[in-house]
Amino acid sequence: MRLVLGIVALAALVVPTLLVLNAPKVSHGARRAPPVALPNRVVPKEELPPVEPVAIADLDPEDARAFNASIPFATGPNPAARPFHLVGAADSQERAVDCLAAAEVYEAGDDALGERAVAQVILNRVRHPAFPKTVCGVVFQGSERSTGCQFTFSCDGAMLRWSPTPAAWARAREIAKMALHGTVFRPVGHATHYHTDWVVPYWSASLDKIVELHTHLFFRWAGWWGTPPAFNRAYVADEPKIALLGRLSPAHQGFIAPDVIDPASPIGDPGATGLLFDPRKAAMSLPASAIPAPTPGDPNVFLVILPEDLLPDLFPAVALRACGDRPYCKFMGWVDATKKPPRLPPSGEQAAAMSFSYLRDEKVRYVKALWNCDQFRKWDGTQCMRRPLPLKPQPQPTPSPTATAVSTSGDAAPLDGIRRKAAPAQNKAGAAAPATPASSVPSSD
């Protein structure tokens with residue numbers, strides 16, 4: 001009996017232990033798959049890859065990290081980019097240095113490794129046909145839009161909220177000078193994109209992941225557009241002034257807003273300062289097919305549908321090409337084709353949806369270009385159209401009781417909706433009593 005009881009007691013201890021140790025694992029808080037289908041199309045050589053706004057998948061940080069970790073690194077070589085050598089006038093070179101330094105310090109913080117990586121990505125973009133051909137153009141591409149900037153700091157207000165310390169700014173400028181004068185950061189190769197590992201941009205699955213630095217992942221375009229021969233565009237040594245950089249950079253100060261500008265001014269028509277392109281030069285490069293026709297019946301008025309993929313900084317170029325040498329020209333553009341009126345004047349809804357306007361009147365030496373800042377971000381308010389004030393509802397008058405008309409035989413029947421004045425009553429002395437104000441006539445109820 002003792003032996004049997006001992007075996008039973010031992011089994012009572014061993015069996016539960018074995019069940020616990022060999023129980024199937026239950027997953028708690030398993031990472032969910034992204035709620036969106038990410039693209040994976042490789043753009044062929046014959047088609048220029050699109051530069052899409054940064055749109056982020058709806059994932060929490062841990063799910064994003066799990067998804068990013070599931071994407072394998074690209075196999076094959078990761079060649080370094082060619083050295084970049086800055087050219088151009090001294091003031092243009094200073095603007096390039098400060099644009100690159102701003103991107104470094106606002107994107108990577110005061111971290112030399114991260115700043116070098118950011119600088120290399122920007123210079124790779126300068127050489128790629130899909131991006132602007134200036135350093136400032138690449139850094140501030142899309143910053144005039146309320147959404148769609150390529151580098152978040154340029155359109156989320158970060159540059160207005162804080163500035164780097166003098167020491168951090170000096171270090172960023174030195175790193176920028178090195179990158180612009182031949183120093184290559186080899187690890188990122190020909191990367192043109194990057195993001196932190198706690199977010200998933202929609203473009204990430206269509207690019208090759210090539211390297212990870214700290215918490216940042218770096219990507220290049222898949223296929224031919226990510227190979228060294230694709231980076232074949234020459235740098236344009238004419239860096240624009242960026243008004244937002246005036247707080248940090250003397251080279252970007254002296255911004256002149258395109259308000260009322262002399263058309264003969266060397267600034268240009270309607271004023272290129274602060275834009276990513278000089279409208280005069282860009283206008284000459286537009287194909288003939290891009291020149292809109294004037295409104296029928298008025299050769300000085302253009303009502304135009306603007307392409308959705310056209311950079312807003314190029315709107316003045318389209319206007320200049322359309323207006324030509326007309327001494328008077330009115331150009332109005334809409335991105336939403338359904339809101340463009342067939343003729344002037346536009347309705348209130350059509351005017352509110354207008355994306356860009358340009359007016360030239362040489363008789364009074366007046367030139368003005370304005371953007372719809374509800375659609376496109378402009379740091380200088382003088383570049384924004386005035387938005388129509390909402391109409392206030394008019395107060396309805398309180399209906400007052402109408403005076404009771406005194407009818408006499410032979411009077412015509414009263415007309416509906418016509419308020420008649422009551423005949424004055426006769427007092428006992430035969431004099432007319434004072435007329436009672438209509439508002440004080442008592443109700444007959």
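Residues numbered from 1 in each chain as written. Predicted model: local features only at pLDDT ≥ 70, side-chain atom pairs only at ≥ 80, totals over all residues. Heavy atoms only, no water.

Here we come to the sheet that holds strand β3 (residues 216-221). Pairing between sheet strands relies on hydrogen bonds along the backbone, with the strands arranged either parallel or antiparallel. Read from one edge of the open sheet, three strands run β1-β3-β2, paired in antiparallel fashion. At either end of the open sheet lies a strand with only one pairing partner, and these are β1 (193-196) and β2 (207-213). Strand-to-strand twist across the sheet, computed as the mean angle between neighbouring axes with direction ignored, equals 25 degrees. (Pairing = 2+ DSSP bridges. Helix = DSSP H or I, 4+ residues; strand = E, 2+ residues; numbered from the N terminus. Axes fitted to C-alpha atoms, helices over the stretch in contact; angles between N-to-C directions.)

With that settled, consider the packing of helix α4 (residues 112-127) against helix α7 (residues 166-180). At a closest axis distance of 10 Å, the pairing of α4 and α7 adopts a crossing angle of 40 degrees. Regarding the angle of α4 to α7, the classification is oblique. Crossing of α4 against α7: the hand is right-handed. On the side of α4, the interface is formed by Ala-112, Glu-115, Arg-116, Ala-119 and Leu-123, while α7 contributes Ala-172, Ile-175, Ala-179 and Leu-180. Split by residue class, the contact of α4 with α7 holds seven nonpolar, no polar and two charged. (Parallel < 35°, antiparallel > 145°, perpendicular 65-115°, else oblique. Left-handed = near helix turned anticlockwise from the far one by under 90°. Contact = heavy atoms within 4.5 Å. Nonpolar A, V, L, I, M, F, W, Y, C, P; charged D, E, K, R; others polar.)

Within the structure shown, the criterion is met by 14 aromatic pairs. An angle of 75 degrees between the planes, with centres 5.5 Å apart, marks the rings of Phe-84 and Tyr-235 as edge-to-face. Residue Phe-84 is found in the loop between α2 (61-70) and α3 (90-108), and its partner Tyr-235 is found in the loop between β3 and α8 (279-285); the two are separated by 151 residues along the sequence. Note on Phe-84: relative accessible area 6%, which makes it buried. Each residue in the set Phe-302, Phe-315, Phe-331, Phe-356, Trp-371 and Phe-376 is aromatic and connected to the rest through ring pairs, giving one cluster. Over the aromatic face of Phe-73 sits the side chain of Lys-209, whose NZ or CZ is 4.4 Å from the ring centroid. (Phe/Tyr/Trp six-rings, centres within 6.5 Å; stacked < 30°, edge-to-face > 60°. Buried < 20%, exposed > 50% of the residue type's maximum accessible area, 1.4 Å probe, protein only. Lys NZ or Arg CZ within 6 Å of the ring centre and 35° of its normal.)

Turning to the state of the cysteines, a few remarks are in order. Throughout the structure, instances matching the rule amount to four disulfides. The disulfide bridge from Cys-323 ends at Cys-329, spanning 2.0 Å between sulfur atoms. Here the S-S torsion is close to -70 degrees, and the disulfide linking Cys-323 with Cys-329 is therefore left-handed. Among the residues examined, Cys-329 registers a relative accessible area of 0% and is labelled buried. Disulfides within the protein chain link the bonded cysteines, taken in sequence order, as 1-2, 3-4, 5-6, 7-8. (Disulfide = S-S within 2.5 Å.)

Attention shifts here to the confidence of the model for the protein chain. Across the protein chain, the average pLDDT comes to 77, with 68% of residues at or above 70. For the protein chain, α8 is the element with the lowest average pLDDT, namely 57, and α4 is the one with the highest, namely 96. Across residues 25-30, confidence stays below pLDDT 50; counting only partners more than four residues off in sequence or on other chains, it has zero contacts. Note on residues 402-445: pLDDT is under 50 here. Beyond four places in sequence and across chains, it has 23 contacts. (pLDDT = per-residue confidence, 0-100.)

What follows deals with the side chain of Thr-295. With respect to the helices, strands and loops of the structure, Thr-295 is situated in the loop between α8 and β4 (301-305). Filtering out sequence-adjacent residues up to four positions away, Thr-295 remains in contact with Val-301, Phe-302, Leu-303 and Pro-342.

Take the pattern of salt bridges next. Counted under the stated rule, the structure contains nine salt bridges. Of the charged contacts in the structure, one is a salt bridge between Arg-173 and Glu-94, with a shortest N-O distance of 2.9 Å. A residue pair is termed long-range when its members are at least 10 positions apart, and Arg-173 in helix α7 and Glu-94 in helix α3 qualify at 79 residues. For Glu-94, a relative accessible area of 35% translates into the label partly exposed. For Arg-171, the salt bridge identified is with Asp-110, shortest N-O distance 2.5 Å. With Arg-171 in helix α7 and Asp-110 in the loop between α3 and α4, this pair connects stretches of sequence that are 61 residues apart. (Salt bridge = Lys/Arg side-chain N within 4 Å of Asp/Glu carboxyl O.)

Moving on, we come to the sheet that holds β4. Within the open sheet, the four strands sit side by side as β4-β5-β6-β7. Their pairing is mixed. Each of the sheet's edge strands pairs with one partner strand only, and the pair in question is β4 and β7 (366-371). Neighbour-to-neighbour, the strand axes of this sheet turn through a mean angle of 5 degrees, independent of strand direction. Sheet contacts for helix α9 (residues 315-323): β4, β5 (328-334), β6 (356-361) and β7; angle to β6, the most-contacted strand, approximately 40 degrees.

Ranked by internal contacts, the top residues of the largest apolar core, which has 57 residues, are Ile-122, Val-135, Phe-153, Leu-180 and Phe-218. For this core, the elements supplying multiple residues, two or more each, are α3, α4, α5 (135-139), α6 (158-161), α7, β2 and β3. Of the residues forming this core, the biggest block, nine residues, is contributed by α3. Apart from the residues within four sequence positions on either side, Val-135 is in contact with Ala-96, Cys-99, Leu-100, Ile-122, Leu-123, Val-126, Leu-180, Tyr-235 and Glu-239. (Core = buried A, V, L, I, M, F, W, Y, C linked by side-chain atoms within 4.5 Å.)

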